[in-house]
Amino acid sequence: MCMNRFKVFNLSISVTGAAGPVNKVAAAVMALVLLGTMLFSVTGCGSKEVTVTKSDTVLVFMGEEIGLGEVYLYANTVKEDYEKMYGSGIWSTDVSVSASEKLNMEDVTRRDIIEDIVHVKLLCSKASEYKVDLSDAEAEQVKNETDSFYKNLTDEQLSDMQISYELVQSVIRENVLANKVYNKLITDANIEVSDEDARETTFYDLFFDVYTVASSGDVTRMTEDEKQAQYDRAIQAYNTLNNPIESGGTITGEVNIEGLAEYYGLQDSSYHTMTPDEIKETYGEEVAESIYGLEDGSYSLVTESEYGYHIFYMKALTDRDATTKRKEELLIRRKNEYMEDIYSGWLSSADPNYSYENSVVFSNYMKIEF
């Protein structure tokens, strides 16, 4: 969770082009009934009716009516960040939310914006319980951030979204306070990831396959004679790797494993950076043990798998850069999982009737364009 100038969430996504597979969009259609000049009723199947009394209300949470301006401050910051990173066409693309499901980017982002506003409100509601407050220096920081942010808003934004200086200051203050509560919870939880848990190994797989793939995609296993020929080529390659090239008794250099792959036309040979589990899943337990028996800079013997024959070159049993990166990713994931459990528990008591579908006034929310 990143709380800085309303950057209160970190969405990890995989973006695919609009021309890809047909979207599987899980969306509920909300009926919003105008009951009067200043009254909306938001209802859902089997849920308690949520009534709002302000014409600009977007979200009702813990009895608070959160207006268009406050939600816009979050949404516009996210919109600017995403468009800077992915371009303005991002909203018409799909995002992978799981291995088998894709949703429209705008739908995903709208839901996540509301979810993170809810998280900020929940964290702030626990500030006194965890004895967290802003210091004088932090209060001054809030004022300076407010001044800077507010002066960059256009007259159109201020008018159309009903944004005041006090509203901007309130949102920034809530984010700073929520961030302090969040950090206290995470620090107290002492969440860690070991190097072994995060290990990434980088190796080269010089791969002699024992099957052919037709243009139709059909896979055909080689005959025993063809397999033997591939094995003989693998042995030849192994011998070449382990014997320096000599000319007149003088060593002139070592054979490059990538050059051998090119020499033998092995298009599926390449470097891989994988976790222990990924290596086991790809090559099987026995081959994985062989790989992890190598030292940095060494070659394996010709190793057989169900796919063919391999010669592995161990570049880094523990790839420090890749391991550090994965360690950071695992730490973020574990922190998020820990906090999601906490949020779930808090939410059930703070606002048991809350849901995205039933607590959002979508007619107002859609005034914020993506």
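Overview of the structure. (Residues numbered from 1 in each chain as written. Predicted model: local features only at pLDDT ≥ 70, side-chain atom pairs only at ≥ 80, totals over all residues. Heavy atoms only, no water.)

### Comments concerning the pairing of strand 5 (residues 57-61)
The test is simple: Exposed residues in this analysis have more than 50% of their type's maximum accessible area, buried residues have under 20%, and partly exposed residues fall in between, with area computed by a 1.4 Å probe over protein chains only. Working definition: helices are DSSP H or I runs of at least four residues, strands are E runs of at least two. Numbering for both runs from the N terminus. At least two bridges found by DSSP between two strands are what make those strands a pair.
Of all five residues in strand 5, five are buried; the element is thus mostly enclosed. Counting the residues between successive antiparallel strands, the hairpin from strand 5 to strand 6 (residues 64-67) contains two residues, one of them, Met-62, with a positive phi of roughly 50°.

### With respect to the sheet that holds strand 15 (residues 303-304)
Threshold: By definition, residues are in contact when any of their heavy atoms lie within 4.5 Å. Only the stretch in contact is used when a helix axis is fitted, and all axes are lines through C-alpha atoms; the angle between N-to-C directions ranges over 0 to 180 degrees.
Read across the sheet, four strands follow the order 14-9-16-15 without closing on themselves; strand pairing throughout is antiparallel. The outermost strands of the open sheet, each flanked by one partner alone, are strand 14 (270-274) and strand 15. Note: strand 9 (residues 201-209) against strand 16 (residues 308-316), eight bridges, orientation antiparallel. Its bridge partner being in strand 16, Phe-207 is matched across the sheet by His-310. Its contacts with the sheet put helix 9 (residues 276-283) on strand 9, strand 14 and strand 16, and the angle it makes with strand 14 is roughly 125°.

### Some points on the environment of Ile-257
In this fold, Ile-257 is placed in helix 8 (residues 257-264). For the pair Ile-257 and Ser-269, spaced twelve residues apart in sequence, the C-alpha separation works out to 9.5 Å. In this structure Ile-257 touches Tyr-204, Leu-206, Leu-241, Tyr-299, Ile-311 and Tyr-313, once residues within four positions along its chain are discounted.

### A closer look at the environment of Ser-298
Basically, it comes down to this: Distance and chemistry together define a polar contact, namely a pair of N or O atoms within 3.5 Å, with one atom able to donate a hydrogen and the other to accept it when in protein, and with adjacent residues in sequence counting only for side-chain atoms on both sides.
By the secondary structure assignment, Ser-298 is in the loop between helix 10 (285-291) and strand 15. Taking the C-alpha atoms as reference points, Ser-298 and Tyr-313, separated by 15 residues in sequence, lie 5.8 Å from one another. For Ser-298, the contacting residues outside a window of four places in its chain are Phe-312, Tyr-313 and Met-314. Reaching out from Ser-298, the side chain makes a polar contact with the backbone oxygen of Glu-295 at a distance of 2.6 Å.

### Overview of helix 11 (residues 320-350)
Every α-helix carries 3.6 residues per turn, so stepping three or four residues along brings you back to the same face. Inclusion rule: To estimate the expected span of a helix, count its residues, drop one, and scale the result by 1.5 Å.
Compared with the 45 Å implied by 1.5 Å per residue over 31 residues, the 44 Å span of helix 11 between its first and last C-alpha is a close match. Among all positions of helix 11, only Ala-322, Thr-323, Arg-326, Leu-330, Met-339, Ile-342, Tyr-343 and Trp-346 are buried. The inward-facing, buried residues of helix 11 contact helix 2 (105-125), helix 5 (165-189), helix 6 (195-198) and strand 14. With a side-chain oxygen positioned 3.3 Å from the backbone nitrogen of Asp-321, the residue opening helix 11 is Asp-319.

### Side note on the packing of helix 7 (residues 224-241) against helix 8
For the record, the criterion: Angular relationships are summarised with four words: roughly parallel below 35 degrees, roughly antiparallel beyond 145, roughly perpendicular across 65 to 115, and oblique for the angles in between. Crossing chirality is assigned from the near helix's rotation relative to the far helix, an anticlockwise turn below a right angle marking it left-handed and a clockwise turn marking it right-handed. When residues are grouped by polarity, Ala, Val, Leu, Ile, Met, Phe, Trp, Tyr, Cys and Pro land in nonpolar, Asp, Glu, Lys and Arg in charged, and all others, Gly among them, in polar.
Here helix 7 crosses helix 8 at 150°, and the two axes come no closer than 11 Å. Overall, the two elements helix 7 and helix 8 adopt an arrangement that is roughly antiparallel. The element helix 7 and its partner helix 8 pack so that their crossing is right-handed. For the pair helix 7 and helix 8, the contacting residues are Arg-233, Gln-236, Ala-237, Thr-240 and Leu-241 in the first and Ile-257, Leu-260 and Tyr-264 in the second. Each residue belonging to the contact of helix 7 with helix 8 can be placed in one class, and the counts come to five nonpolar, two polar and one charged.

Worth remembering: the numbers are spatial, not functional.
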